[in-house]
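Residues per chain are reported as follows:
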Amino acid sequence: MPSLKDVQNKIASVKKTKQITKAMNMVASAKLRKAQMKIERFRPYAEKYYELMGDMAAGVETGAHPLLAKRESIRNIGIMLITSDRGLCGAFNTNLINKAMHLAAAKKALGQKVVFYAVGKKAVNAARKSPYELVKSYRDCMDGFDFSLAGELGNEVIRAYLEEEVDEVHLVFGRFINVGKQEPEDLKMLPVSPDETEAPAEGGSAQYMYEPSVDGILSELLPRFIKVQIYRGLLETSASEHAARMSAMDNASNNCDEMITNLTLAYNKARQAAITAELLDIVGGAEALKG
Amino acid sequence: MADTIKFEVVTPDQLILSEDVDYVGVPGIQGQFGVLSNHIPFLSALAVGSLYYRKDGQVKYLFVSGGFAEVSPDSLTILAESAEKAEDIDLTRAQKAKERAEERVQREKDRIEFAQAQVALRRAIERINLKEKAG
């Protein structure tokens, strides 16, 4: 039987933990709102972009640009893994990392070499521990990034792809479905396959005049398309992270409540037992005096 | 068909502008071009520079850098990496950026860095010019 004091201390400590988890929950929900707003503001651009890609893809052959061309022998795979910088968000990062590692293992089984581009501290740590080579790591960048980060990442993979360091690039990120649901997703970024883009296939898309030329436009459009995809991945991962942390912290707060209830019960029992014992002493003493 | 066009400017961070306008002058990569309604479907890459549009007899300016213009008979969409209305340009910031870029152009010997610095300088200069013209 723990002493009264012990139980009291335990209750105080659980209460403090609950305060922390509650605060973290509120911070995460505020950040989630911000991240969602960012996604909302990005959406018109992304939608226009997909539309444009869809229109272009209708009239372009795959040989028209190196970023479109499928390589015949695929030997090196690049995986860009985006996770959060911080933990305490449930299984979110673990799920992402597992997804990436499964993908890497599957590619390795085919005899292909896998290299990692890790974004976010958790991804960097995981890739470092893995048997695969970590080419580039970006840490502490998931708080307040903007499009220039996507640009930097995009330039890096495009350069690696064009110089044939990698023959295929995958993006693994946390798709934000809703506040209660986030899923790790694997998206093949390079080579670009326009028919897999989510553009609504409108019949009879207008025949455009191009300036400077189809090739010229493509060489502007495609690299930026990669960056748009990466930016979307970053935004969604960031929103998912905050949503995951919110529910993790909500669970933690609920667990704290449960613990406090149980501990309070134990405390009351111990107190009652102590009182009963004292009473017994007194009554026993009085009986003995009556003799 | 109405003789105005639906003019939209979007960047990754936000929708900058969405209005019905009479005329837009766009800095295409091969030179300035004008867009009125009933323009032929047209897709052009953009240069770094200033864009202006006319609405109800008033002319307004925007700074754009990098991206595309998609023209259809009744609309014009600018997909830019960054864009700012003339009144939103921060002149002191642009001037600082210009000084920084100039310094980098002087210093960088590395080719890629040099090109980047030059682009940054162009952006800063265009912003300043536009601000002085319209702001």
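Quick caveat: nothing in here was measured; it's all calculated off a predicted structure.

Parameters and conventions
Residues numbered from 1 in each chain as written. Chains lettered and ligands numbered in written order. Predicted model: local features only at pLDDT ≥ 70, side-chain atom pairs only at ≥ 80, totals over all residues. Heavy atoms only, no water. Helix = DSSP H or I, 4+ residues; strand = E, 2+ residues; numbered from the N terminus. Rg over C-alpha atoms; globule rule 2.2 N^0.38 Å. Buried < 20%, exposed > 50% of the residue type's maximum accessible area, 1.4 Å probe, protein only. Contact = heavy atoms within 4.5 Å. Areas by Shrake-Rupley, 256 points an atom, 1.4 Å probe, with all protein chains shown as cover. Buried area = accessible area lost by both parts, 1.4 Å probe. Salt bridge = Lys/Arg side-chain N within 4 Å of Asp/Glu carboxyl O. Domains from an automatic or database assignment. Polar contact = N/O pair within 3.5 Å; in protein donor to acceptor, adjacent residues only side chain to side chain. Nonpolar A, V, L, I, M, F, W, Y, C, P; charged D, E, K, R; others polar. Core = buried A, V, L, I, M, F, W, Y, C linked by side-chain atoms within 4.5 Å. Phe/Tyr/Trp six-rings, centres within 6.5 Å; stacked < 30°, edge-to-face > 60°. Lys NZ or Arg CZ within 6 Å of the ring centre and 35° of its normal. Pairing = 2+ DSSP bridges. Axes fitted to C-alpha atoms, helices over the stretch in contact; angles between N-to-C directions.

The next subject is the overall build of chain A. When its secondary structure is counted, chain A shows five helices and six strands. Mapped in sequence order, the helices and strands of chain A form the string α-β-α-β-α-β-α-β-β-β-α. Here the C-alpha atoms of chain A give a radius of gyration of 28 Å, more than 25% beyond the 19 Å that 2.2 N^0.38 yields for 291 residues. For chain A, the C-alpha atoms occupy an extent of roughly 115 × 40 × 30 Å along the three principal directions. Within chain A, buried positions represent 45% of all 291 residues. In chain A, 76% of the contacts between residues at least 6 apart in sequence involve partners at least 24 apart. Split by element, the accessible area of chain A, about 15,200 Å² in all, is 53% carbon and sulfur.

Here Gly154(A) lies in helix H4 (residues 147-162). For Gly154(A) and Lys5(A), which are 149 residues apart along the polypeptide, the C-alpha to C-alpha distance reads 59 Å.

This part takes up the interface of chain A and chain B. Listed as interface residues are 22 residues of chain A and, on the opposing side, 26 residues of chain B. Interface of chain A and chain B: buried area, both sides summed, is about 2,200 Å²; carbon and sulfur atoms make up 65% of it. Of all residues in chain A, Tyr45(A), Met209(A) and Glu211(A) bury the most surface against chain B, accounting for 28% of the area lost on that side. At the surface where chain A touches chain B, the tally comes to one salt bridge. Put simply, Arg224(A) and Glu81(B) hold a salt bridge, and the shortest N to O gap is 2.9 Å.

As a further point, take the domain arrangement of chain B. Residues and elements named next belong to chain B. Assigned domains of chain B: these are domain 1 (5-87) and domain 2 (90-134). Counting residues at the interface gives 11 residues for domain 1 and eight residues for domain 2. Looking only at domain 1, the three residues that lose the most surface to domain 2 are Val48, Tyr61 and Phe63, adding up to 51% of its buried area. In this structure, the connection of domain 1 to domain 2 is made through one salt bridge. Between Glu84 and Arg127 there is a salt bridge whose closest N-O contact spans 2.9 Å. Summed over the shared surface of domain 1 and domain 2, the result is three residue pairs in polar contact (both at pLDDT 80 or more). Put simply, the parts of the chain that give the side of domain 1 that touches domain 2 at least two residues each are strand S6 (49-55), strand S7 (58-72) and strand S8 (75-85). Per-element tally for the side of domain 1 that touches domain 2: the top contributor is S7, with four residues. Along the lines of polarity and charge, the residues of the side of domain 1 that touches domain 2 split into five nonpolar, four polar and two charged.

The nonpolar side chains of a soluble globular protein tend to be buried with one another. If you look at the biggest cluster of nonpolar residues, it comprises 60 residues, and the most contacted ones within it are Tyr49(A), Val119(A), Ile230(A) and Leu234(A). Breaking this core down by element, the ones donating at least two residues are helix H1 (4-58), strand S1 (76-82), strand S2 (113-119), H4, strand S4 (168-178), strand S5 (181-190) and helix H5 (214-290) of chain A together with strand S5 (42-45) of chain B. It is H5(A) that provides the largest number of residues to this core, a total of 14 residues. If we ignore the near neighbours within four places in the chain, the residues touching Tyr49(A) are Glu220(A), Leu221(A), Arg224(A), Phe225(A), Val228(A), Phe68(B) and Leu79(B). Within the second largest apolar cluster, 22 residues are counted, among which are Val26(B), Leu46(B), Ile78(B) and Ala83(B).

On to the packing of aromatic side chains, then. Under the criterion given, the structure shown has 14 aromatic pairs over all chains. Ring pairing ties together the aromatic residues Phe42(A), Tyr45(A), Tyr49(A), Tyr50(A), Phe145(A), Phe147(A), Phe225(A), Tyr231(A) and Phe68(B), which thus form one cluster. The ring of Phe145(A) is capped by Lys38(A), whose NZ or CZ atom sits 4.5 Å from the centre of that ring.

Time to look at the pattern of salt bridges. All names here are of chain A. Within the structure shown, the criterion is met by 22 salt bridges over all chains. Of the charged contacts, one joins Glu183 and Lys181 as a salt bridge, the two residues approaching to 3.5 Å between their closest N and O atoms. Residues joined by salt bridges that share partners form a network here, namely Glu156, Arg159, Glu163 and Glu165.

Moving on: the domain arrangement of chain A. Residue and element names in this part refer to chain A. Here chain A is partitioned into domain 1 (4-24 + 248-286) and domain 2 (31-247). Taken residue by residue, the interface counts five residues in domain 1 and seven residues in domain 2. Summing both partners gives a buried area of about 430 Å² for domain 1 against domain 2, and 59% of it is carried by carbon and sulfur. Area buried by domain 1 at its contact with domain 2 is led by Met24, Ala248 and Met249, which between them contribute 88% of it. Taken together, the connections running from domain 1 to domain 2 amount to zero salt bridges.

A few words now on the sheet that holds S1(A). Residues and elements named next belong to chain A. Spatial strand order, S3-S2-S1-S4-S5: five strands in an open sheet with mixed pairing. Lying at the two open borders of the sheet, with one neighbouring strand each, are strand S3 (133-138) and S5. Looking at each pair of strands side by side, their axes are set apart by 20° on average, direction ignored. Sheet topology note: the S4/S5 ladder contains nine bridges and is antiparallel. By the bridge assignment for S5, Val169 is matched with Leu190. Strands S1, S2, S4 and S5 of the sheet are contacted by H5, whose axis makes an angle of about 40° with S4.

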